[in-house]
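Residue-level listing of the chains:
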Amino acid sequence: MQEIATDTLERAGDGDLQAFNEIYRSSAGFVYSIALRMARNTADAEEITQDVFVKAYKNLKAYEGRSSFKTWIYRIAMNTAINFCKKRSAEFKKRELREREPSPGVVSNEAEKNLFKEDAEKKLGELLGCLNEDQRACILLREIEGLDYRQIADVLKIELNTVRSRLKRAREAMIAYARQGGVKDEL
Amino acid sequence: MNCDQFKDSLLTDYVDRVLDPEKQKIADAHIGQCAECRRLIADLRTVTAETFGQVREIEPPAHVWAGIVERVQPSPGWFEKVCAVLTLPRLSIAIPVLASLMLFTFVQLRQPEVSYDITRAYLSRELGGDFGVLSNEDLENGSFGTVIEDFFM
Ligand SMILES: [Zn+2]
């Protein structure tokens, strides 16, 4: 994702939808990918993506370039995705208690199977499935977005040591899953 | 340093290559003499490369933008809704035609038998003053000056 020109941000902040579309086109891929890997199904990812951009549009005036736009949109995207997924998990848990359905941690529905039919996405989906939302967010920002610990802490507004411990737990869970033979041909 | 201490305090930073030189030395010393941790690090690097190395950015479908536009554009008020209805191609012709027809019929039905001059003279006498020019009183009352004009305006 490239940085957005200040002029474009100002025009979009004033309600210029064409300028906002420029912002959307430069960051939609990143936001949607994050949403997809956090939610692990396309319908939820689309909803999260829309929520992120509606929030961004409504708050562009308040943003005023205080941090880099990239960090700002990362923050909205991650927080929206984490909250959405936590809410979804809670709903599933409630229903599971009532109906004993499989939890969303297991790739189960058609949309998810479709999404992860590609080999790389399949492996990623399976491994992300054994992490909680907070760990998933940290590992995605670290391994896919290439953010360092300080940047991750900044995006998620958490302590540096919390970033470290979430990454540690995420990697422990991933290695345990891979060693159990969860991801074929992995190790 | 034993394995648990290494895993707890240094492994994460070691894998991300962010250890300071002093801690790096300690980590290297442990790894140098611990086959289990060497294997763990190798496995972690393999899993990470295999899992994250080949993923690419995915663009959202086109309807996602359409949904955003729908949500950020202010919803039309009653005036905009009425305007939208009035500008429908058929209605934009039908409504003025219908309105003119109704007005014409109405005027025809209300047309008095007497001529304009007689009406004028009659009203001048009844109401007093110069009929046709608004008096100060009319202006203050916001009326149009005559019974007929008041009715039609
Ligand atoms: Zn060891």
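No experiment lies behind these values; they were computed from the predicted model shown.

K.L.:
Honestly, the interface of chain A and chain B in this entry has me stumped. Any pointers?
P.N.:
One frequent convention defines the size of an interface as the accessible area lost when the parts assemble. Listed by partner, the interface residues are 40 residues for chain A and 34 residues for chain B. Summing the contributions of chain A and of chain B, the shared interface buries around 3,600 Å²; its carbon and sulfur component is 62%. In this structure, the connection of chain A to chain B is made through seven salt bridges. Where chain A packs against chain B, one counts 14 residue pairs in polar contact (both at pLDDT 80 or more). Those elements that place two or more of their residues in the side of chain A that touches chain B are α2 (17-39), α3 (42-63), α6 (119-128), α7 (133-143) and α9 (160-179) of chain A.

K.L.:
Help me out: how do you make sense of the coordination of the zinc ion in this one?
P.N.:
Perfect tetrahedral coordination of a metal by four donors corresponds to 109.5 degrees between them, and perfect octahedral coordination by six donors corresponds to 90 or 180 degrees. Residue and element names in this part refer to chain B. Protein coordination at the zinc ion: the donors are Cys3 (SG), His30 (NE2), Cys34 (SG) and Cys37 (SG), at 2.1 to 2.2 Å from the metal. Geometry at the zinc ion is tetrahedral, judged from its four donor atoms and the angles of 98 to 117° they form at the metal. As a motif over one chain, the donors of the zinc ion read C-x26-H-x3-C-x2-C. Of the two residues, Cys34 and Cys37, both sit in the buried class.

K.L.:
Explanation requested: α2 of chain A in the structure shown.
P.N.:
Helical periodicity: at 3.6 residues per turn, an α-helix aligns residues three or four positions apart in one direction. All names here are of chain A. Between its terminal C-alpha atoms α2 stretches only 28 Å, short of the 33 Å expected from 23 residues at 1.5 Å a residue. Roughly 55° is the biggest bend found in α2, and it falls at Ser27. In terms of burial, α2 is a largely internal element, 19 of the 23 residues being buried. One or two steps after α2, the chain reaches Arg40, where phi turns positive at roughly 65°.

K.L.:
Teacher, can you tell me more about the pattern of salt bridges here?
P.N.:
Oppositely charged side chains can form a pair if their charged atoms are brought close together. Residues and elements named next belong to chain A. The final tally for this structure, using the stated rule, is 20 salt bridges over all chains. A salt bridge links Arg11 to Asp7; the nearest nitrogen and oxygen atoms lie 3.5 Å apart. In this pair, Arg11 and Asp7 both sit in helix α1 (residues 6-13), four residues apart, roughly one turn of the helix. Note that Arg11 is salt-bridged to Glu22, the shortest N-O span being 4.0 Å. Remark: Glu22 occurs in helix α2 and Arg11 occurs in helix α1; sequence separation between them is 11 residues.

K.L.:
Just to check I follow, could you spell out a nonpolar patch on the surface for this structure?
P.N.:
Residues and elements named next belong to chain B. Taken together, Trp78, Phe79, Val82, Leu86 and Ile95 make up a surface patch of nonpolar side chains, about 530 Å² in accessible area. Here the nonpolar patch takes four residues from helix α6 (residues 78-86), the largest share from any one element. Take Val82: it is sitting in helix α6. A residue is classified by how much of its surface remains accessible, and Val82, at 39% relative accessible area, is partly exposed.

K.L.:
Please clarify how the packing of aromatic side chains should be interpreted in this entry.
P.N.:
For any pair of aromatic rings, geometry is given as the distance between the ring centres together with the angle between the planes. Per the counting criterion, the structure on display carries 10 aromatic pairs over all chains. Look at Phe20 of chain A and Phe53 of chain A: their rings are 6.3 Å apart centre to centre, the planes differ by 75°, and that puts the pair in the edge-to-face class. Taken together, the positions of Phe20 of chain A in helix α2 and Phe53 of chain A in helix α3 put the pair 33 residues apart, joining distant regions of the chain. Judged by its relative accessible area of 1%, Phe20 of chain A is buried. With centroids separated by 4.8 Å and ring planes inclined at 65°, the aromatic side chains of Tyr24 of chain A and Phe53 of chain A adopt a geometry described as edge-to-face. Of this pair, Tyr24 of chain A sits in helix α2 while Phe53 of chain A sits in helix α3, and the two are 29 residues apart along the sequence. Residue Phe53 of chain A is classed as buried on the basis of its relative accessible area, which comes to 0%. Taken together, the ring pairs in this structure connect Phe20, Tyr24, Phe53 and Tyr57 of chain A together with Trp65 of chain B into an aromatic cluster.

K.L.:
Just checking my understanding: could you explain the packing of α3 of chain A against helix α5 (residues 63-72) of chain B for this structure?
P.N.:
Angle between the axes and distance between the axes: these two values describe a pair of packed helices. One way to put it is that α3 of chain A packs onto α5 of chain B with a least axis distance of 9 Å and a crossing angle of 40°. With respect to their mutual orientation, α3 of chain A and α5 of chain B come out oblique. Judged by the sense of rotation from one axis to the other, the crossing of α3 of chain A with α5 of chain B is right-handed. On the side of α3 of chain A, the interface is formed by Glu46, Thr49, Gln50, Asp51, Phe53, Val54 and Tyr57 of chain A, while α5 of chain B contributes His63, Val64, Gly67, Ile68, Arg71 and Val72 of chain B.

K.L.:
I would appreciate a short explanation of the confidence of the model for chain A in the present structure.
P.N.:
For any part of a model where pLDDT is low, the fine detail of the predicted coordinates should not be relied upon. Across chain A, pLDDT averages 85, with 85% of residues at or above 70. When pLDDT is averaged over each helix and strand of chain A, the minimum, 51, is found for helix α5 (residues 110-115) of chain A and the maximum, 95, for α7 of chain A.

Parameters and conventions
Residues numbered from 1 in each chain as written. Chains lettered and ligands numbered in written order. Predicted model: local features only at pLDDT ≥ 70, side-chain atom pairs only at ≥ 80, totals over all residues. Heavy atoms only, no water. Contact = heavy atoms within 4.5 Å. Buried area = accessible area lost by both parts, 1.4 Å probe. Salt bridge = Lys/Arg side-chain N within 4 Å of Asp/Glu carboxyl O. Polar contact = N/O pair within 3.5 Å; in protein donor to acceptor, adjacent residues only side chain to side chain. Helix = DSSP H or I, 4+ residues; strand = E, 2+ residues; numbered from the N terminus. Donors = N, O, S within 2.8 Å, 3.2 Å for Na, K, Ca; no water. Tetrahedral: all angles 85-135°; square planar, octahedral: opposite > 155°, others 65-115°. Buried < 20%, exposed > 50% of the residue type's maximum accessible area, 1.4 Å probe, protein only. Expected span 1.5 Å × (residues − 1). Bend = angle between axes of the 7 residues up to and from the residue. Patch = residues over 30% accessible without salt bridge, like charges linked within 9 Å, V, L, I, M, F, W, Y side chains within 5 Å. Areas by Shrake-Rupley, 256 points an atom, 1.4 Å probe, with all protein chains shown as cover. Phe/Tyr/Trp six-rings, centres within 6.5 Å; stacked < 30°, edge-to-face > 60°. Axes fitted to C-alpha atoms, helices over the stretch in contact; angles between N-to-C directions. Parallel < 35°, antiparallel > 145°, perpendicular 65-115°, else oblique. Left-handed = near helix turned anticlockwise from the far one by under 90°. pLDDT = per-residue confidence, 0-100.

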